[in-house]
Structure formats: C-alpha cells, structure tokens
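Okay, here's what each chain looks like letter by letter:
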Amino acid sequence: MERTTSKELALAPLQDWGEETEDGAVYSVSLRRQRSQRLSPGAGPRGTQAPSPGADTFLHYRTSKVRALRAARLERLVRELVSGDREQDPGFVPAFLATHRAFVPTARVLDLLLPPPPPPLPPGVEIKKTEGRDLTFNNNLRAVVSVLGSWLRDYPQDFWDPPAHSDLGSVCTFLGWAAPSGAEAREAEKLLGDFLKNAEPQQEEEERSQTWAGHPGVAQIPRPDSPVGCLEEVEGLVREGPELLDFSVDDVAEQLTLMDAELFSRVRPFECLGSVWSQRDRPGATGTASTVRATVTQFNTVTGCVLGSVLGSPGLAAPQRAQRLEKWIRIAQRCRELRNFSSLRAILSALQSNPIYRLKHSWGALSREPLSTFRKLSQIFSDENNHLSSREILSQEEATEENAPPGSLPSKLPPGPIPYLGTFLTDLVMLDTALPDMLEGDLINFEKRRKEWEILAHIQQLQRRCQSYCLSSHLPILAALRTQRQLSEEQSYRISRVIEPPAASCPSSPRVRRRISLTKRLSAKLSRERGSSPGGSPRDPSSSTSSLSPASPPSSPRTRDPPPGSPPASPGPQGPSTKGSEACVVRVSIDNDHGNLYRSILLTSQDKAPSVVQRALEKHNVAQPWAQDYQLFQALPGDRELLIPDNANVFYAMSPAGPGDFVLRRKEGARHTTSVSPA
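Residues numbered from 1 in each chain as written. Predicted model: local features only at pLDDT ≥ 70, side-chain atom pairs only at ≥ 80, totals over all residues. Heavy atoms only, no water.

Okay, the nonpolar core next. By size, the foremost hydrophobic cluster in this structure holds 115 residues, and its most contacted members are Leu148, Trp328, Ile331, Ile347, Leu351 and Trp363. Broken down by element, the residue count for this core peaks at nine residues, all from helix H10 (residues 290–311). Excluding residues within four positions of it along the chain, Leu351 makes contact with Val306, Leu325, Trp328, Ile329, Ile356, Tyr357, Trp363 and Phe374. Within the second largest apolar cluster, 22 residues are counted, among which are Ala616, Val622, Tyr630 and Leu632. (Core = buried A, V, L, I, M, F, W, Y, C linked by side-chain atoms within 4.5 Å. Buried < 20%, exposed > 50% of the residue type's maximum accessible area, 1.4 Å probe, protein only. Helix = DSSP H or I, 4+ residues; strand = E, 2+ residues; numbered from the N terminus. Contact = heavy atoms within 4.5 Å.)

With that settled, the discussion passes to the packing of aromatic side chains. Think of a pair of aromatic rings as described by two things: how far the centres are apart, and how the planes are tilted against each other in angle. Going through the model one piece at a time under the given rule, you end up with twelve aromatic pairs. Ring centres of Trp151 and Phe159 lie 5.1 Å apart, and the angle between their planes is 50°; this geometry places the pair in the tilted category. With respect to class, Trp151 is no different from Phe159; both count as buried. Measuring from ring centre to ring centre gives 5.1 Å for Trp363 and Phe374, while their planes differ by 35°; the resulting arrangement is tilted. Within this pair, whereas Trp363 is found in helix H14 (residues 360–364), its partner Phe374 is found in helix H15 (residues 368–380), the two being separated by eleven residues in sequence. Taking the relative accessible area as the measure of exposure, Trp363 reaches 0% and is therefore buried. By the ring-pair criterion, three or more aromatic residues cluster together here, those being Phe92, Phe96, Phe103 and Phe446. (Phe/Tyr/Trp six-rings, centres within 6.5 Å; stacked < 30°, edge-to-face > 60°.)

This part takes up unusual backbone geometry. Looking along the chain, the bond that leaves Pro162 and enters Pro163 is cis, with omega of 5°. For Pro163, the position within the fold is in the loop between helix H4 (131–154) and helix H5 (166–178). Cis geometry is found at the peptide bond from Gly416 to Pro417, where omega equals 10°. Position of Pro417 among the secondary structure elements: in the loop between helix H16 (384–402) and helix H17 (421–434). One non-glycine residue with positive phi stands out, namely Ala289, at about 55°. Its location among the elements puts Ala289 in the loop between helix H9 (274–277) and H10. Classification of Ala289 by relative accessible area gives buried; the value is 4%. If you check the backbone angles, Asp442 has positive phi at about 60° while not being a glycine. Here Asp442 lies in the loop between strand E4 (438–439) and strand E5 (443–445).

Relative to strand E10 (residues 661–666), strand E6 (residues 583–590) runs parallel, the two being bridged by four bridges. Residue Val588 lies in a different strand from E10, and its bridge partner there is Phe662. Examined bridge by bridge, strand E8 (residues 630–636) and E10 share five bridges and lie antiparallel to one another. Bridging across to E10, Phe633 finds its partner in Val663. (Pairing = 2+ DSSP bridges.)

The end-to-end C-alpha distance of H17 is 20 Å, a good match for the 20 Å that 14 residues give at a rise of 1.5 Å each. Counting buried residues along H17, 14 of its 14 residues qualify, which places the element largely inside the surrounding structure. (Expected span 1.5 Å × (residues − 1).)

The strand order E7-E6-E10-E8-E9 describes an open sheet built from five strands, whose pairing is mixed. At either margin of the open sheet sits one strand with a lone partner, and together these are strand E7 (598–604) and strand E9 (640–644). Between one strand axis and the next, the sheet turns through 35° on average, direction left out of account. In the packing of helix H22 (residues 609–619) onto the sheet, the strands contacted are E6, E7, E8, E9 and E10, and the crossing angle to E7 comes to about 150°. (Axes fitted to C-alpha atoms, helices over the stretch in contact; angles between N-to-C directions.)

This part covers the pattern of salt bridges. Tallied over the full model, the rule gives 23 salt bridges. Glu20 is the salt-bridge partner of Lys65, the closest N and O atoms lying 2.5 Å from each other. Pair noted here: Lys65 is in strand E3 (residues 58–72) and Glu20 is in strand E1 (residues 14–22), with a separation of 45 residues, a long-range link. By relative accessible area, Glu20 is classed as partly exposed at 26%. Between Lys448 and Asp437 there is a salt bridge; the shortest N-O distance is 2.5 Å. With Lys448 in helix H18 (residues 446–465) and Asp437 in the loop between H17 and E4, the pair connects residues that are eleven residues apart, well separated along the chain. Like Asp437, Lys448 is buried. Salt bridges sharing partners connect three or more residues here, namely Asp432, Asp437, Lys448, Arg449 and Glu452. (Salt bridge = Lys/Arg side-chain N within 4 Å of Asp/Glu carboxyl O.)

See below:
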C-alpha cells in the first residue's frame, strides 16, 4: 500500500515483469496496478458521507500479476482456448482464431479441440458420475461451445472445404450432442446449408473472373444492386458509350468509392497475413488471397484508367490534356472528401508515374489551383517515417466517429474511411519477415500472432465502418470503367515520348515529393524480438509483384529521360540513409523481357552476394543451380549501376545514397533461359 495526500502517484498501470516457463510453455508476465480510493478514517461507516479528496484521504494501489501465453506447442495452444483465463488474457482467443491458419490447418485444430462424444448407454441403464467430474466435464464443454460460437460468427470462411465441408460437419455433429438447443448449433447448421447451396455459383464466379472475387460464403454473395452484381449488365452495354471523364466529378468519385467499399468489406483479413500474401505468386497458388487480389485489380484498373484517359489520345493539344489532368485531380480531391484513400492513392500513383509526370507542356497548362491541390494530396502518401502522414490522417478520420457526441445519429456520422490496403500488407509482410514462426524448442511463436492480430483487428474495424456508405450503382459509369483503354507500362512510356519528345528540362512539372519506398529499416523492437529467438529464421517476403499494385507504386522502364533539376522521374524506392540497423528490405528484379517484376527480400549485415542471389532467384522461381550465372547490380540515380562483387557483403557494399533496387543480370556466357512466374 502506498499513501499520499492531495496528489496521485505517477505509476504506470502495466509494467513488464519478465517471462515464466510452465509445462513447456512460455508466458510473458506483467504487473497491473489498480487504484481504489478510500475514505478517511473519520468517514461514516454506512457511506452516508460522499467521498471527497480531502487532506486525510489516501490512495490504495492493488498490484496483480497478469500472464499472457507467448510461445508453446500446438497442443498447449489449443488447450489454452478452453482452459485459459479470458479475464487475464482476453486477446488470446481472437488472436488464435484470426491467425491459426498461418501455422496449422483448421482440421487439425478441430481434432485437438473437439472431445469425443460420450458412449451410448444401454437401455434402462443410468450412468453415475461424481459431481465434481460432471461439473468439470460440463465446464469444458461450455468452453468449447463458446469458442466454436466465436469461430463460426467471426471466421465462417475457415470452414469452407468443398465439396463435403467435413470440418463443418464435425462441428455440427459435436454441437448436436453437446449443445443441441444452442444458438451455436443452429448457426453451424445454417452455415453448412448455405455452403452446400452456394458451392456451384461460387465456383463459377471465381472461375469467370478474379476481378470481383469474394469469399466462398453466403454472406459474400453480391447483392443485385451492388457494382459486383451489375457486372453482367455492364458487359452487355455498348462499348461505344461515353468515356469515363464524360461524367461528373462527383459521379465518378462516388462510383469508385462504392466499388472500393464493397471490395474492402469483402476482404478476408487472414489473406492479408504476410505468410499468405507473400505466397500468391508461387506455382499452383492462383487462387490464394482472392479477395486481396480483387482490391489489387481494382487499384490497377483505376490507375490504368488514368493513364489511358490522359495518354490515350496522342493528338490532343496540351491545354486539352491539361483539362483531363485537372479533372482527375478533382476526382482525387472528391475521393479524399469521401474518405476513400484507396482510389485516391491509385489516381495519384498514375499522375505521379513517369509517362504522365514528364509531360511538361500539359502540366504547364494547368492553373495554379489544381496544381496546389495535387501537391497537397501527394503529401498524404509521403513515404517519410514509414508513411507517417497517411497513418496519422487515417487515425484522425477514424477518430471522427469515436469523438462524435453521444446523442449523434449514425446517419449523421461520416462513412468510412476506406484505407489504402497496401499499408497494411506492407506492415504484415514486414512482421512476417522480422519475426520467426518457431522459437527454440519447437515452440510456436504466438507473440508474433498477437502482433499480426492487432493489424487484422484494425482492418476488421475499418470494414465494419465501410458498411455505412449509402451510394447507388450507376451502370453507365461502371461500363465506362470496364471499357476504358488500358495501357501497359511500355505502351504508356512510348506514347508519352510521342506526345512530348525527350527535352533537356522540365520546369513545369509539379514539384512534389514522390519517393514511394518499400525499403524500410526494421525497428529496434522487432530487432530485439528477432535477437531473442536464435532458434528461428525469418522468412523473406514476396511483396510488390506488379508495377501498379497497393504493395508497389508505379514505375517506368529503365530507359528514362529525367530532366535535371526536377524531381525523380519515377517513384522508386529510396536507399537506407544510415547503417545503424542490422537489416533492411530491398527489392530485386531480373533483367529479362518479362517487365518490371520485383521481389522483396530481407538483407542482413551477414549476407554476401551468393546467398542474396540465390534467395532472389528462389523468389522469382528460377532454378537455383544457376545462381552462379548471375551478377548483382544496385540501381543508382542517373541510370547508373553499382556492380556488387561476387564475394562482397551486400549490406555494406551497397551505396547508402542509392535506391534500394537491385537487378540480377546474367553473366556473359550464361546459356540457360530464365523463366519467371507472372505477377
């Protein structure tokens, strides 16, 4: 007990205490201090006198010990679902349910979780149990039923296993005898019926197109009035209809917001995990992360529409092309007002891409107001301090609803926001790269799963808020979006050079900071986590596949003509500015005819060139016996390259002032043909 007068002690409510090991499991231990105010000794015993902060009152602090499971074997984790103290560790069950598929299949969890049914009794025979044993058995059953109820409600897609859905069948069988009249049994039976009923339509939808892919469950069937449900009608419209920019700014921005809101609300948070998203380009993984792929496709479509509408008519005069630039800037501003950060980022990425950004005459024909708006919007996604600006703005937008007056009607609160999903994907890939899956002693690193769950819970919270948008589909705009000419990266650059041939200077292009970087230093906290678990080895992420995706901003061909004195011609990763950390993430491409295809790998201070080349080839699905046929180059500003010697330490050999991009190029005399999987 600690005593004070008239002022409160400045004590932290939660203090880390260390770790404990029990039955092969590792717990993190914290001390929680809770304050309770006491009356002075002269106060009435019946409580008739209200407490007042007088000089003779004192504060009483009660300290309690809090344990949270940090690492354990699978059997111990599953047992914790049933026997764990939810008051001490309320985050364990939701973190396990949200992330378990990253380290164990659902069927294996059910095998360990579901108890066998009691044996049938002979006719006329009654079983006799001790009261204590019966109570323990019933308590365990209630705990299992409670876990299954949360599981069915929050993650029904975990039980999607066509055609028979045997995992869900096992749950129905268990609930049929453990809680036959409970809401959990009814929910399981309803979900199984929905799965069986909608199996064929869902399979046909996924085979037809991944553009609007949804998760296989009845809750995700497109509504007839949604943009997803209108696709068949859109495909039937005539291609010679109005172009996208023929519609008003408000109408285009609202339709983009409607599509982004629906696609984001249908994202399965599990697919955002670094261990899942980084596997999307492996052979045989075409169906992996389909709901996240849908948001990437939409992002690419919007970016392609901007490129196609601005560059699609080479014969336009500079003032006419400036009008198109201005309209897209106004659409981006309207997306910002609608709190749609996904399409906002897509439009800005296209406007900042080299084919559009280098058009000095078109930018020079813009008035001051749209240029100022463009600069302000571009600052939202500045890459400084790990995109701190966009994170702070998103937090401010979320706080708008939290700080609303208690009597405010839900309809009066602003809908959204719709986030830029690439920020979350990058964070989760970084977590997966920095923290090992397993710790010494073959223990599952559940602390890693807790950190991942914090990000997934944020995504789920934003998904719920996206349900509040009240917008209607406009078929002509959807048709124009689908039929807008899409230009490839090479086509965009060639057309741009036809519109405005390379010049010596580009004074009219807007000077905005466009350093969109994927090269990040691992934080000190993650470094400590990694250093404390020598038994594990982190995996490398395979982020940033295509040049236009939420995980990778647009880039242009290597042959560029950036004017001196202007900002970088194409947004690209910036190199690390210091050597204070022991690791960083770099991007590596292969110099071939497959386009600008990057893979991200973790580069540590111990990595030499052969191991970096070998891991990069593995990410590009190139046979590793050919590693000795490649040389590693770092891309430097001004179309220069730095050759990394074969036996050099890449971390220290790389130029700190150069971009974090590397290129693998075959040595002279290498005869094999490189084959890279498409992004």
